[in-house]
Amino acid sequence: MNWLSRTVLPKIKALVSPEPAKETLWIKCGSCSQMIFHRECEDNWNTCNACGYHMPLSPAARAQLLFDANSIESISVITAEKDPLGFRDRKKYSDRLKEARSKTGDDDAISVAAGEINGNPAVIATFNFSFMGGSMGQTVGNGIVKAARQAIQRQAALIIVPSSGGARMQEGILSLMQLPRSIVAVEELREAGLPYIVLLAHPTTGGVTASFAMLGDLQIAEPGAIIGFAGRRVIEETVREKLPEDFQSAEYLKEHGMVDMVLPRRDQKRVIGSILDMLMSSQPAKAAE
Amino acid sequence: MRQFLDFEKPIAVLEGKIEELRHLSSEGDINIADEVSRLQSKITKELTQAYAQLKPWEKVQVARHPDRPKITTIIADLFTDFIPMAGDRNYREDHALISGLGRFRDKPVAIIGTEKGHTTEDRIKRNFGMVRPEGYRKARRLMELAGRFGLPVISLVDTAGAYPGRGAEERGQAEAIARSIQACLNLKTPLISAIIGEGGSGGAIALATGNRVIMFEHAVYSVISPEGCASILWRSADHAKDASEALKLTAKDMMALGVIDAIVSEPLGAAHRDPDTAIKNLGDAIANELAEVEGKSSQELIADRRAKYLKFGSDDI
Ligand SMILES: [Zn+2]
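Residues numbered from 1 in each chain as written. Chains lettered and ligands numbered in written order. Predicted model: local features only at pLDDT ≥ 70, side-chain atom pairs only at ≥ 80, totals over all residues.

**Here we look at the nonpolar core**
Inference 1: Of all hydrophobic cores here, the largest spans 162 residues; its most connected members are A:L158, A:L200 and B:M215.
Inference 2: Looking at which element gives the most residues to this core, the answer is helix α8 (residues 173-186) of chain B, with eight residues.
Inference 3: Excluding its chain neighbours within four sequence positions, the residues that come into contact with B:M215 are B:A194, B:I195, B:Y221, B:A251, B:M254, B:I260, B:I263 and B:V264.
Inference 4: Ranked by size, the runner-up nonpolar core spans five residues in total, among them A:I36, A:C48, A:Y53 and A:M55. (Core = buried A, V, L, I, M, F, W, Y, C linked by C-beta atoms within 7 Å. Buried ≥ 20, exposed ≤ 12 C-beta atoms within 10 Å, placed from the backbone. Helix = DSSP H or I, 4+ residues; strand = E, 2+ residues; numbered from the N terminus. Contact = placed C-beta atoms within 7 Å.)

This is the structure in structure tokens:
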């Protein structure tokens, strides 16, 4: 599996490998193998200065990247029932949750924060792929509903940054129900006349793309991010056809009309700031449609 | 020729015996009536026992049974004056998704459904019931039309899932599903959804975000196929049976989890043994659900749907 070993595995390794001992460590770029001093990497928002490859970015760093300095306010998300189905595969879901919590220090795969972007009020909900593949269960759904409601309350823009393998299988049908649930949240926001921007980070697939993540007023994707409904392997097995190298990449999606732009991290705050300046310059539009 | 599932083997043997007796009696003048009726009652007993305690994995087999009533059959039986409508006005006609107008017990309604196909040729034409983006876009077109003309929408779901293909991805399968769910949520008229066989993940919820959702007794509804789940979590599709249990995908589970509003009972030996009775039961169930939402305003219907789907999680957000 050429593509898998080349692009996905390094990213997954980068996500699961322990925090490097600060000061001393060099980070190897998952794409061009260049050794990058960790400080330099952080200064570039986890992008490779040699090839521009975008590594995973933590929700906290994402907030730092997008919000104006000193404007960030963290918003708590209620944790839903732990293990509604009593799900067990080779491991118990409750144990997987515990592990993910101790590994990430987060309650679940979503973080919500409020602040300002270029002085425009905004709420950002960010997925954390290192928490069970960023999968969407009831708590992640809570986070999306909370983010939309906070945006409405604050008359703020909503930005969601998905990075997710899809619905959380361990919550069975209840995770599928997060598709309509998250869309209800987005509809409430639209009715309040507030902008909704989706910033697609690597990877965003399955039930997450088939719901709130494809319904933004603007769709922005990070360079190289894989975005799609079905996984590459599933498609290859179904159609028995060799897919293009860059299939489902952000750039490929843009060429197929599925996203507005592919935006490297260094430009994201500036461009999103300009968009919000324009969309939020007049009185909030009254309930659209 | 009837197809038997693994757990139906004892029934296959008994039915074989009856066949044999009939064959013998046609040659001589033996009286077989007593023996046949003894075997028949044994079949009834076996079927009752087998179907009363189906394991989730057996339900999956029943839900996928090739003789399970197809959506086109259901439409022909339950709706009069059916007028099919084709195309998404954008790219092409998707034969996996049926849509049209018709009358349900005299009242005009809009109908959308997924069709797996009857014969091999038909199955290929229908893409085995796996819908592409244009199918979901056609469904959305029909829902918008139904909303403008005040027609309730009945959606009938039997799909393994949305089609995973190159073209489907390039034309925005994810976006098409998301917009279809959005159309369901914003529909100004009642939406009654029925899970007929397989309710496969995003491909199903795209059409089943209804005010009322009903499900056949032996249908299954799941976020992922047991095979897909097993290959990811157990690292082998051989564990599909384990996954089918863990996923909680039966109609009884859906009722307990608040996902569906009613279970439609199936005749003895499931819908594939007696499609007419199954379809009649479905018709009665749809009529019941329509009566539940009759007289509600557009705003109430939209608010009801939102409340229904917001409840899958914490409410004190
Ligand atoms: Zn590099």
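From this point, the narrative continues.
**What to know about unusual backbone geometry**
All names here are of chain A.
Inference 1: A cis amide bond links H202 with the next residue in sequence, P203, at an omega value of -25°.
Inference 2: Within the element layout of this structure, P203 appears in the loop between β7 (196-200) and β8 (204-205).
Inference 3: One non-glycine residue, N118, adopts positive backbone phi at about 55°.
Inference 4: In this fold, N118 is placed in the loop between β4 (110-117) and β5 (120-127).
Inference 5: For Q155, which is not glycine, the phi torsion reads 50° and is therefore positive.
Inference 6: Take Q155: it is sitting in the loop between α5 (138-153) and β6 (157-161).
Inference 7: Overall, the presence of 12 C-beta atoms within 10 Å leaves Q155 in the exposed class.

**Observations concerning the interface of chain B and chain A**
Inference 1: Contacts between the two partners involve 42 residues from chain B and, on the opposite side, 46 residues from chain A.
Inference 2: For the side of chain B that touches chain A, the elements supplying multiple residues, two or more each, are α7 (166-170), α8, α9 (201-208), β7 (220-222), α10 (226-234) and α14 (298-310) of chain B.
Inference 3: Classifying every residue of the side of chain B that touches chain A by side-chain character gives 25 nonpolar, 10 polar and seven charged. (Nonpolar A, V, L, I, M, F, W, Y, C, P; charged D, E, K, R; others polar.)

**Looking at α8(B)**
Inference 1: Here α8(B) spans 20 Å end to end across 14 residues, near enough to the 20 Å set by a 1.5 Å rise per residue.
Inference 2: The element α8(B) is extensively covered by neighbouring structure, given that 14 of its 14 residues are classed as buried. (Expected span 1.5 Å × (residues − 1).)

**Some thoughts on the confidence of the model for chain B**
Inference 1: Here chain B averages 96 in pLDDT, and 99% of its residues register 70 or above.
Inference 2: Both scores are available for the predicted complex, with the pTM at 0.93 and the ipTM at 0.96. (pLDDT = per-residue confidence, 0-100.)

**A word on the domain arrangement of chain B**
Inference 1: On domain assignment, one finds that chain B holds domain 1 (6-53) and domain 2 (60-310).
Inference 2: When each unit is reduced to the centre of its C-alpha atoms, the spacing between domain 1 of chain B and domain 2 of chain B is 36 Å. (Domains from an automatic or database assignment.)

**Structural notes on the sheet that holds strand β11 (residues 261-262) of chain A**
For sheets, the rule is that strands pair by backbone hydrogen bonds, running either parallel or antiparallel.
Inference 1: Pairing in this open sheet of seven strands is mixed, and the strands run β3-β4-β5-β6-β7-β9-β11 (chain A) from one edge to the other. Only two strands of the sheet have a single partner each, and these edge strands are β3 (73-75) and β11 of chain A. (Pairing = 2+ DSSP bridges.)

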